[in-house]
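Notes for the structure review
Okay, here's what each chain looks like letter by letter:
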Amino acid sequence: MLKKFRNRLILMIMGLITIILVIALLAVYTVTSLRLQSENEERLNRTEELYITDGELQFDDTLTNETTEDGQLTFNRISPGLGVYFNMLVDKDGQLVMIDSTVKLSQKQYEKAAQLAWKNQKGGVVQLADREWQYAVAPAVASLITDQKQRISQQKPTYQIRFLDITDSKNVLASLRRTLLIVGGLLLIFFSLLTVFFSNYAVKPIAQAWKKQQQFITDASHELKTPLSIIRANTDVLYANKSEKIEDQIKWVDYISKGTKRMENLVNSLLYQARVDTTDPELTFTETEIAELLQQVFASYEYRLSVKNISLETNVTPTILKTEPTLLKKLLEILMDNAVKYTDKDGIITVRLLAEKNSVTILVKNSGEGITAEHLPKLFDRFYRVDESRHSENSYGLGLSIAKGITEQLRGDLSVESQPGAYTSFKIKLPKKG
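Right, let's walk through the structure included here. (Residues numbered from 1 in each chain as written. Predicted model: local features only at pLDDT ≥ 70, side-chain atom pairs only at ≥ 80, totals over all residues. Heavy atoms only, no water.)

**Structural notes on the overall build of the protein chain**
For the protein chain, the count of helices and strands is 8 helices and 16 strands. In the protein chain, which comprises 434 residues, the proportion classed as buried is 37%. For the protein chain, the computed accessible surface area is about 26300 Å², with 55% contributed by carbon and sulfur atoms. (Helix = DSSP H or I, 4+ residues; strand = E, 2+ residues; numbered from the N terminus. Buried < 20%, exposed > 50% of the residue type's maximum accessible area, 1.4 Å probe, protein only. Areas by Shrake-Rupley, 256 points an atom, 1.4 Å probe, with all protein chains shown as cover.)

This is the structure:
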């Protein structure tokens, strides 16, 4: 199930990344294409006037000209910033009158260009001399310049055809397409690897939580199985001895009662664990006197301490803490219960309350066998016991797990340290302002 979830997560993320990447690359290509197209249109539609100077036609009064063998007037020049282009002047029948060119082409090529353009006067692109040329056809405007340098505009029945070499622009766009495809492919590979890595990283805690949940169900079933087996076995005994008086079978009833109580305690612990695991509990933090709360906890364990002759040493000073008193009391009871349970007879339990500037620390330390280092990291796991052979009937391995959850709800930290054969110490650190 988790594998399917991870694969769906990867597909969803990669789909989103692909869409964003395609849109971004298309935007880059479109902007570049429109810019080149705009530049070409600007060059193509540049207006040039014909000049008639002393009876001679030309596009610019500063140009030199030459005449071809058939008498065709041709201008050759280089115009920086305007690209590679050539102009043609044709009459109303599409016959060449004059050529103004920045490139050297043969007469046949110029005539072919004129014919192709005159057939489709709306403009377009033609192939000429292994190059692509975009052209535009427009009426020509001529000006007459006299000896007195007066300019008189005249409309001539002629047309100007302007050809612009767009081969380089097309090559730029083709190169850009290839580059964007390569870059896009590499980015998709990179993001795929990144997505797989982070998906595995994101699913890992889910997998761990799922594993813990499965372990929780297994352990809970195992814990419930024991008291249920006791109840069932003793019930069968009662059914087998129906004729006997209840007084003669009271011990079987006691066993059933003990099994029922144990199961009840376990169910209550499981319910409390579930409440502790709530993600956003609504807690009311109030000003609480921690010393008084500790005294209440000590009083409830006075009898159990006396039974094992355990000495309780305290160093508690009045301290105000903004916290949730009910949860904090439950937390202290769990740690005291754990300390009393694992302290040998004639042992010592030490409780200290340390008030710092921004936090309060509570230490609960008990003498005893202690805990070896390999067990400490798992001590707060649900149903975990250091020594299965020594746990009592009322111990389910849930207390410290609940304590950890309560501490997190109180926005604090719970840690443990131990020295085998000497002591075990739990430290609660809580912020003063909750």
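**A closer look at helix α7 (residues 325–341)**
For α7, spanning 17 residues, the distance from its first C-alpha to its last is 24 Å, which sits close to the expected 24 Å at 1.5 Å a residue. For α7, the set of buried residues is L327, L328, L331, L332, I334, L335, M336, N338, A339 and V340. Sitting at the head of α7, E324 places a side-chain oxygen 3.0 Å from the backbone nitrogen of T326. (Expected span 1.5 Å × (residues − 1). Polar contact = N/O pair within 3.5 Å; in protein donor to acceptor, adjacent residues only side chain to side chain.)

**Digging into the packing of aromatic side chains**
Across all of its chains, the model carries 9 aromatic pairs by this definition. Centroid distance Y135 to F163: 5.6 Å. Interplanar angle 35 degrees. Geometry classified as tilted. Taken as a pair, Y135 in strand β8 (residues 131–145) and F163 in strand β9 (residues 151–165) lie far apart in primary sequence, 28 residues in all. One exposure class covers both Y135 and F163, and it is buried. Through pairs of rings, three or more aromatic residues link up here, namely F86, Y110, W133, Y135 and F163. When the ring centre of Y85 is taken as reference, the NZ or CZ atom of R162 above it lies at 4.0 Å. The ring of F380 carries K404 above its face, with NZ or CZ at 5.1 Å from the centroid. (Phe/Tyr/Trp six-rings, centres within 6.5 Å; stacked < 30°, edge-to-face > 60°. Lys NZ or Arg CZ within 6 Å of the ring centre and 35° of its normal.)

**Some words on the pattern of salt bridges**
As enumerated under the stated definition, the model contains 6 salt bridges in all. For R131, the salt bridge is made with D168, and the minimal N-O distance between the two is 3.4 Å. Residue R131 is located in strand β8, and its partner D168 is located in helix α3 (residues 167–240); the two are separated by 37 residues in the primary sequence. For D168, a relative accessible area of 47% puts it in the partly exposed group. Ionic pairing is found between E132 and K170, a salt bridge with its closest N-O pair at 3.0 Å. Taken together, the positions of E132 in strand β8 and K170 in helix α3 put the pair 38 residues apart, joining distant regions of the chain. Take E132: its relative accessible area is 22%, and that puts it in the partly exposed class. Linked by salt bridges that have partners in common, R131, D165 and D168 make up one network. (Salt bridge = Lys/Arg side-chain N within 4 Å of Asp/Glu carboxyl O.)

**Focus on the pairing of strand β16 (residues 423–431)**
As paired strands, strand β14 (residues 359–367) and β16 are joined by 9 bridges and run antiparallel to one another. Residue S359 lies in a different strand from β16, and its bridge partner there is P431. As judged from the 7 bridges shared by strand β15 (residues 413–419) and β16, these two strands associate in the antiparallel manner. Residue pairing across strands places E417 opposite S425, the latter belonging to β16. (Pairing = 2+ DSSP bridges.)

**A closer look at the environment of K433**
Relative to the assigned elements, K433 resides in the segment after β16. A C-alpha to C-alpha distance of 8.9 Å links K433 and E287, two positions 146 residues apart in sequence.

**As for the environment of Y159**
With respect to the secondary-structure elements, Y159 resides in strand β9. Residue Y159 is classed as partly exposed on the basis of its relative accessible area of 29%. Distance from Y159 to L96, taken between C-alpha atoms, is 9.7 Å for residues 63 residues apart in sequence. Beyond its immediate stretch of four places on either side in the chain, Y159 contacts M88, L89, V90, D91, K92, W118, V137, A138, P139 and A140. (Contact = heavy atoms within 4.5 Å.)

**Re the sheet that holds β14**
Strand order across the open sheet formed by 5 strands is β11-β13-β14-β16-β15, with mixed pairing between neighbours. Because the sheet does not close on itself, it has two edges, and the strands there are β11 (311–315) and β15. The average angle at which neighbouring strand axes cross in this sheet is 15 degrees, direction not considered. In this structure, β11 lies alongside strand β13 (residues 348–355), joined through 5 bridges in parallel fashion. Residue L312 lies in a different strand from β13, and its bridge partner there is I349. Here α7 sits on the sheet and contacts β13, β14, β15 and β16; the angle it forms with β16, its principal contact strand, is near 170 degrees. Contacts between helix α8 (residues 399–409) and the sheet are confined to β15 and β16, with β15 contributing the most and set at about 140 degrees to the helix. (Axes fitted to C-alpha atoms, helices over the stretch in contact; angles between N-to-C directions.)

**Concerning the environment of E313**
With respect to the helices and strands, E313 occurs in strand β11. A residue is classified by how much of its surface remains accessible, and E313, at 42% relative accessible area, is partly exposed. As for E313 and R352, which are separated by 39 residues in sequence, their C-alpha atoms are 8.4 Å apart. Discounting residues that sit within four places of it in the chain, E313 has contacts with I348, I349, T350 and V351.

**What about the packing of helix α5 (residues 290–300) against α7?**
Two elements in contact, α5 and α7, have axes whose closest approach is 10 Å; the angle formed by their N-to-C orientations is 45 degrees. Of the possible angle classes, the one that applies to α5 and α7 is oblique. Considering only the axes of α5 and α7, their crossing is right-handed. Contacts from I290, L293, L294, Q296, V297 and F298 of α5 reach α7 at P325, L328, K329, L332, E333 and M336. (Parallel < 35°, antiparallel > 145°, perpendicular 65-115°, else oblique. Left-handed = near helix turned anticlockwise from the far one by under 90°.)

**What about a nonpolar patch on the surface?**
Taken together, the side chains of F190, L194, F197, F198 and Y201 define a hydrophobic patch exposed on the protein surface, amounting to about 560 Å² of accessible area. If you trace the backbone, F190 turns up in helix α3. (Patch = residues over 30% accessible without salt bridge, like charges linked within 9 Å, V, L, I, M, F, W, Y side chains within 5 Å.)

Fair warning: the whole summary comes from geometry, so function is off the table for now.
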